[in-house]
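As a plain string of letters, each chain reads:
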Amino acid sequence: MTQPLVVFDNVVKHFGSYLAVERMNLEIYKGEFVAIMGSSGCGKTTTLRMLAGLDKPSEGEIRLNGERINDLYSWERETPLVWQNLALFPFLNVLENVEFGLRMRGMAKAERRKKALHWLERLGLEEFAARDISQLSGGQRQRVALARSLVTEPPILLLDEPLSALDANLSVRMQSVLTGLQKDLGITFVYVTHSQSEAFAMADRVVIMSRGRVEQIGSPQEVFLEPHNRFVAEFVGGKNILTGTVTGFDDAGLVHVGSEHGEFQARLPDGKSVAPGDLVTVCLSAEHIDLTAQPGRPNRLACTVVGEEFIGSMVNIHLEAGGGLELQVQKPHADYDRLGLHGGQQIFAEWDGARALILRGE
Ligand code: ATP
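Residues numbered from 1 in each chain as written. Predicted model: local features only at pLDDT ≥ 70, side-chain atom pairs only at ≥ 80, totals over all residues. Heavy atoms only, no water.

Caption draft 1: Representation of the sheet that holds strand β4 (residues 59–64) in the model. The sheet built from four strands is open, its strands ordered β2-β1-β4-β5 with antiparallel pairing. The open sheet is flanked by β2 (18–28) and β5 (67–68), the only strands paired with a single partner. Here strand β1 (residues 6–15) pairs with β4 via five bridges, running antiparallel. By the bridge assignment, Asp 9 is partnered in β4 with Glu 61. The strands touched by helix α1 (residues 44–52) are β1, β2 and β4; relative to β1, the strand with the most contacts, the crossing angle is about 115°. (Pairing = 2+ DSSP bridges. Helix = DSSP H or I, 4+ residues; strand = E, 2+ residues; numbered from the N terminus. Contact = heavy atoms within 4.5 Å. Axes fitted to C-alpha atoms, helices over the stretch in contact; angles between N-to-C directions.)

Caption draft 2: Examining the environment of Phe 91 more closely. Here Phe 91 is to be found in the loop between β6 (81–83) and α2 (94–104). Considered as a pair, Phe 91 and Ser 134 are 43 residues apart in the sequence and their alpha carbons are 9.5 Å apart.

Caption draft 3: Examining the packing of helix α4 (residues 138–150) against helix α5 (residues 168–185) more closely. Following both chains from N to C, one finds α4 and α5 inclined at 20°, their axes separated by 11 Å at the closest point. Considered as vectors, α4 and α5 are oriented roughly parallel to each other. The handedness of the crossing between α4 and α5 is right-handed. For the pair formed by α4 and α5, the contact residues are Gly 139, Gln 142, Arg 143, Leu 146 and Leu 150 on the first element and Leu 170, Met 174, Leu 178, Leu 181 and Leu 185 on the second. Here the contact of α4 with α5 is composed, by residue class, of seven nonpolar, two polar and one charged. (Parallel < 35°, antiparallel > 145°, perpendicular 65-115°, else oblique. Left-handed = near helix turned anticlockwise from the far one by under 90°. Nonpolar A, V, L, I, M, F, W, Y, C, P; charged D, E, K, R; others polar.)

Caption draft 4: A look at the sheet that holds strand β10 (residues 213–218). Taken together, the six strands give an open sheet; going across it, the order is β6-β7-β8-β3-β9-β10, and neighbouring strands pair in mixed fashion. Taken across any chain shown, the strands that pair with only one partner, and hence form the sheet edges, are β6 and β10. Direction aside, the axes of adjacent strands within the sheet are offset by 15° on average.

Caption draft 5: Here's a closer look at the domain arrangement of the protein. When cut into domains, the protein gives domain 1 (6–225) and domain 2 (230–358). With 13 residues of domain 1 in contact, the opposing surface of domain 2 contributes eight residues. Per-residue buried area on domain 1 facing domain 2 is highest for Ile 208, Phe 224 and Leu 225; these three make up 48% of the total on that side. Inspection of the domain 1/domain 2 interface yields zero salt bridges. Connecting domain 1 to domain 2 are two residue pairs in polar contact (both at pLDDT 80 or more). For the side of domain 1 that touches domain 2, the secondary structure elements donating two or more residues are α6 (196–202), β9 (205–210), β10 and α7 (220–225). Classifying every residue of the side of domain 1 that touches domain 2 by side-chain character gives seven nonpolar, five polar and one charged. (Domains from an automatic or database assignment. Buried area = accessible area lost by both parts, 1.4 Å probe. Salt bridge = Lys/Arg side-chain N within 4 Å of Asp/Glu carboxyl O. Polar contact = N/O pair within 3.5 Å; in protein donor to acceptor, adjacent residues only side chain to side chain.)

Caption draft 6: Inspection of the layout of surface pockets at higher detail. In this structure, the largest pocket occupies an estimated 700 Å³ of space. Along its surface, the largest pocket is lined by 20 residues, and Ser 74, Trp 75, Pro 80, Leu 81 and Gly 101 are the ones closest to its centre. For the lining of the largest pocket, the secondary structure elements donating two or more residues are β6, α2 and α4. With three residues, α2 is the largest single contributor of residues to the lining of the largest pocket. Residues belonging to the lining of the largest pocket are distributed by class as follows: eleven nonpolar, five polar and four charged. (1 Å grid on protein atoms, 1.4 Å probe; cavity = no way out; pocket = protein on both sides within 12 Å on 5 of 7 lines; lining within 4 Å. Points joined across faces, edges and corners; volume = space filled by probe spheres on them.)

Caption draft 7: Region of interest: the side chain of Asn 229. Inspection of the secondary structure assignment puts Asn 229 in the loop between α7 and α8 (230–236). Here Phe 231 takes part through its backbone nitrogen, which lies 3.2 Å from a polar atom of the side chain of Asn 229. Contacts of Asn 229, omitting those with residues within four sequence positions, involve Glu 215, Leu 359, Gly 361 and Glu 362.

Caption draft 8: Quick peek at the site of the ligand. Taken together, Phe 15, Tyr 18, Ala 20, Ser 39, Ser 40, Gly 41, Cys 42, Gly 43, Lys 44, Thr 45 and Thr 46 make up all the residues around the ligand. Interatomic distance of 2.6 Å between a side-chain N/O atom of Ser 40 and an oxygen atom of the ligand. Coverage of the ligand by the protein amounts to 58% of the 640 Å² it exposes when considered alone. Among the elements of the structure, β2 and α1 are those that each provide at least two residues to the shell around the ligand. Split into classes, the residues belonging to the shell around the ligand amount to four nonpolar, six polar and one charged. (Near = heavy atom within 4 Å. Areas by Shrake-Rupley, 256 points an atom, 1.4 Å probe, with all protein chains shown as cover.)

Printed below as a string of structure tokens:
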């Protein structure tokens, strides 16, 4: 089995009495693009700073290539960090900024210049070599910061919200620059972001954190399709949460759940078992619900249309199912137009039982 490049082994970080990271266990492999995501203050940056050597774990061990690095200073480990404000040196030009790390390592001028020019070229910046940093656009500065970190050819690059200062179009263009580089170089990226779309577009695996805890680690598809708990389901968005009590099982292998809104079927995730009488939380994706005046499936709810919002190529339809239960349904424009909905309309929401997932961690 391949050895992980990075291991967080029961890592805890306190700031005084405040617990910023709670017993983190995470393995990151060579060549992976891992995104750490979660809402503000959940401990993403602290996790990255501990890996970069800018904060020290209070407990546990961080290993790089099997070696404990807890006590190494940032400049003693090959874990460069690129962050949002880039921290480029304004008194050095583009080429000198890129050369800087090599100069600090004592590399001879001709050799470091050659390497720096190679990385400027690689990032499409050769024509800006002699420019001052203040004469560059946001996207160009971003690429200089990347070149400056990559020039030392580290095994891993840490990125803290590197695209958050860029406008939406540029950010999307930089996403493909980053993924292209990462795959070409086979280098490991650990990328902190609060943007789900960035993380899902770029990462091989995402780590979802809340209040210092890791809630789930998996591919973007896994966390979206099979969230482990209510926090992850709500964080990835587009999910409806239903609760009820297990009443039995059917021949199709589905669990029957009784709720104040009637009985419905749900699927068990691998590795979870339930018994009649157990309370369960069920997640149903907004895109898996159909709307109809004449329901034909056993899993249905009578609803009232309360509103809709346009989100790019899809429409979010908000429904009220009685007893305070709100549902959201997502449809492509063409389907939405065909439904011809209006506020206050009575309609049935229905779905296939196998689409409703019992949450493993609840
Ligand atoms: P954001 O997305 O807002 O940057 P984050 O998930 O990166 O948030 P962290 O910067 O890791 O969050 O901070 C986690 C928690 O630890 C926050 O509540 C923060 O206030 C606290 N914290 C971080 N650094 C320190 C520090 N040096 N001293 C005290 N508390 C700190």
